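# Working through the structure, step by step
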Amino acid sequence: MDDLSDLYQEIILSHNKRPRNSDPLDPSTGQAEGFNPLCGDKLTVYVRNSENFLETVSCDTDGCAISRASGSIMTTMVANKEIIEVEKLIEDTKLLLTGEDEPEVDLIEHGDMAALIGVRKFPARIKCATLAWHALESALKGNNEATTE
Amino acid sequence: MKKASTLRDDFPILNQEVNGKPLIYLDNAATTQKPKVVIDRVSSFLSEENANIHRGVHHLSMNATKAYDQARSAVAKFINANSDNEIIFVRGATEAINLVANSFGKSLLEKGDEILVTEMEHHANIVPWQLVARETGAKVIPIAITDHGEIDLNDFESKINKRTKIASFIHVSNALGTINPAKRMIQILKAKDIPVLLDGAQAVAHQAVNVQDLGCDFYVFSSHKLFGPDGMGVLYGRNELLSKMSPYQGGGDMIEVVSFDGTTFREPPERFEAGTPNISGAIGLKEAIDYINDLGWDTIEKIESSLLKYCTEKLSSIPSLKIIGTAQKKVPVLSFTMGSAHPHDIATILDSKGIAVRAGHHCAQPLMKRLGVSATTRASLSFYNNVEEIDQLGEALEQVSKIFEN
């Protein structure tokens, strides 16, 4: 596969077309907006969590396929998990997408996010893939905004 | 007259591969490429002629001063200013608008006054006025545009009233390619003694500009969108207004006498050029203007209008594609959307084919909101582009359609 088909894999296109968990959560315990001022991608991540447990997450994205897919995949990976596990997933994902060394992809650990690894070859698009994850981090910390700048 | 097919060879950067494909540069509204004569001229100035201007009595300084002054004359002639003194060298169109907003707008505007702009402005012609409005209590009033991306002239006339103190609008839209009926609008504004600034950033590379015929009070543009160096721009102002305006920045070169009891300032243009200016930029800009003059507007307009027609037809033949901006009079700038394919994804796919386009809001967020889109993809052409490149663009867009199953 060339770099382009690596980037736009079926799984990405499917999440782009039908993002999972994209409706606002009601009730929610927190939410944060992610905004990339450079390209205009905008999304809102909603969380319902207790101190230690993240019950459910949704992500509503107005943006490119990469940002939509990343947000959608994220919602399927982090729900029903201990906060400490979620925090580790956030760190692992950032490393997967932006770490200096070529990551070893663990399909079980990274799940569908592994499909986004193709973005590493497109430096201009990495921020599209990390935006939802930054917003999730903000929502859990009680901040209302995350930007890629 | 040069042949269109050899013009491309004048631009060294075009002769390269990107992602294993020949570069197809369709981002000319963001910045134009530089002909070799401009690159060589800047290089020869820096390697053989560099010196500061207006201060040394030595050989190099005198020659550099002369070259800088010649650049000013070339610009004056290029846009048909009445005198060289009406040409102020600045960093770019943005700085020129900020200069006018501050040195002209601030002293003119009072609480409740209105600054007229349009819905299709670049942020550079919105934000400086908002900043001045915040200080003075004036308001920025946008003129509506039609769904085709043309100024609604009825709305324009209805928004002019006795509180309208200045109008500032875009000559050619960067996002839509629309050529606005500037002369007609200026006539209406001038009949009511309203000063007018015209933002010519996107106009100067596509058509002859005659500021006296247009009748505007201020005209601004950037060198880098006119095949010249970046960090260089032009403010044209009618002498009558410039001579009454206060300095924008203070420093060397713009003063007559400095003392702690008070300082007096030089006449325009020096009054508005504090500090050492972009000397090599001015000299490069002159070379770009000479290049365009050699080529001739007839040739440029002929090539560009046929490219615009061809590209419009090519893009219109793609079922899912919608051209945004369908004004009667346009420069070869084509903004479009494609069903569920987001502009950033389109731009990435095109880039993988060596095709450079812009995706996003084009520094015109109010315009995007008005048109009901969050972003567009924009192919902006210049005379060095050709139909084969447009064919490649069409093929790549067909692939976009396929990937996103439009």
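Computed from a predicted model, the values in this text were never measured in an experiment. (Residues numbered from 1 in each chain as written. Chains lettered and ligands numbered in written order. Predicted model: local features only at pLDDT ≥ 70, side-chain atom pairs only at ≥ 80, totals over all residues.)

### What about the overall build of chain A?
For chain A, the count of helices and strands is six helices and five strands. Seen in sequence order, chain A has helices and strands lined up from the N terminus as α-α-β-β-β-α-β-α-α-α-β. On C-alpha atoms alone, chain A measures out to a radius of gyration of 14 Å, which is about the 15 Å that the 2.2 N^0.38 rule sets for 149 residues. With respect to the principal axes defined by its C-alpha atoms, chain A has extents near 45 × 30 × 30 Å. (Helix = DSSP H or I, 4+ residues; strand = E, 2+ residues; numbered from the N terminus. Rg over C-alpha atoms; globule rule 2.2 N^0.38 Å.)

### Describing the overall build of chain B
Secondary structure summary: chain B contains 14 helices and 17 strands in total. Relative to its length of 406 residues, chain B is compact, with a C-alpha radius of gyration of 22 Å against a globular reference of 22 Å. With the C-alpha coordinates aligned to their principal axes, the bounding extent of chain B is approximately 75 × 55 × 35 Å. Per-residue burial over chain B gives 49% buried out of 406 residues. (Buried ≥ 20, exposed ≤ 12 C-beta atoms within 10 Å, placed from the backbone.)

### Description of the nonpolar core
When a protein is soluble and globular, its nonpolar side chains tend to lie buried together. Residues B:V220, B:V234 and B:L235 are the most contacted members of the largest nonpolar core, which totals 118 residues. Grouped together as the second largest cluster of nonpolar side chains are 37 residues, A:L54, A:C59, A:L97 and A:L116 included. (Core = buried A, V, L, I, M, F, W, Y, C linked by C-beta atoms within 7 Å.)

### Focus: the sheet that holds strand β9 (residues 218-222) of chain B
Residue and element names in this part refer to chain B. Spatially, β4-β10-β9-β8-β7-β5-β6 is the arrangement adopted by the seven strands of the open sheet, whose pairing is mixed. The two strands at the open ends of the sheet, each matched to only one other strand, are β4 (87-90) and β6 (139-143). Neighbouring strand axes in the sheet, compared pairwise and without regard to direction, differ in orientation by 20 degrees on average. (Pairing = 2+ DSSP bridges. Axes fitted to C-alpha atoms, helices over the stretch in contact; angles between N-to-C directions.)

### As for the interface of chain B and chain A
Opposite the 12 residues of chain B that make contact, chain A presents 13 residues. By residue number, the principal contributor to the side of chain B that touches chain A is helix α12 (residues 343-352) of chain B, which donates five residues. Looking at the side of chain B that touches chain A residue by residue, the classes come out as three nonpolar, eight polar and one charged. (Contact = placed C-beta atoms within 7 Å. Nonpolar A, V, L, I, M, F, W, Y, C, P; charged D, E, K, R; others polar.)

### Side note on the sheet that holds strand β13 (residues 321-324) of chain B
Within a sheet, each strand pairs with its neighbour through backbone hydrogen bonds, oriented either parallel or antiparallel. All names here are of chain B. With respect to topology, four strands assemble into an open sheet ordered β13-β14-β17-β16, the strand pairing being antiparallel. Each end of this open sheet is capped by a strand with a single partner; those strands are β13 and β16 (358-360). Each adjacent strand pair in this sheet contributes to an overall mean axis angle of 30 degrees, direction not counted. With four bridges connecting them, β13 and strand β14 (residues 333-338) associate as antiparallel partners. Bridge pairing in β14 places L321 opposite M338.

### Regarding the environment of B:G20
The residue B:G20 is located in the loop between β1 (17-18) and β2 (21-22) in this model. Along the backbone, B:G20 and B:G275 are 255 residues apart, and their C-alpha atoms lie at a distance of 45 Å.

### Examining the domain arrangement of chain B
Residue and element names in this part refer to chain B. Parsing chain B into structural domains produces domain 1 (4-30 + 296-403) and domain 2 (39-293). Look at where the C-alpha atoms of domain 1 and domain 2 centre, and you get two points 28 Å apart. Facing 23 residues of domain 1, the contacting portion of domain 2 comprises 24 residues. Listed by contribution, the elements that provide at least two residues to the side of domain 1 that touches domain 2 are α11 (297-316), β14 and α13 (365-371). (Domains from an automatic or database assignment.)

### Thoughts on the pairing of strand β11 (residues 255-259) of chain B
Residue and element names in this part refer to chain B. Little of β11 is tucked away, with zero of its five residues classed as buried. Judged from the four bridges that link them, β11 and strand β12 (residues 262-265) form a sheet pairing that is antiparallel. Considered in β12, the bridge of I255 is made with F265. Connecting β11 to the antiparallel partner β12 that follows it, the hairpin turn spans two residues.

### Considerations on unusual backbone geometry
The omega torsion across A:D26 and A:P27 is 0 degrees, close enough to zero to call that bond cis. Mapped onto the elements of the fold, A:P27 is located in the loop between α2 (10-17) and β1 (30-35). Backbone geometry places B:D193, a non-glycine residue, at a positive phi of 60 degrees. Following the sequence through the fold, B:D193 ends up in the loop between α7 (182-190) and β8 (196-199).

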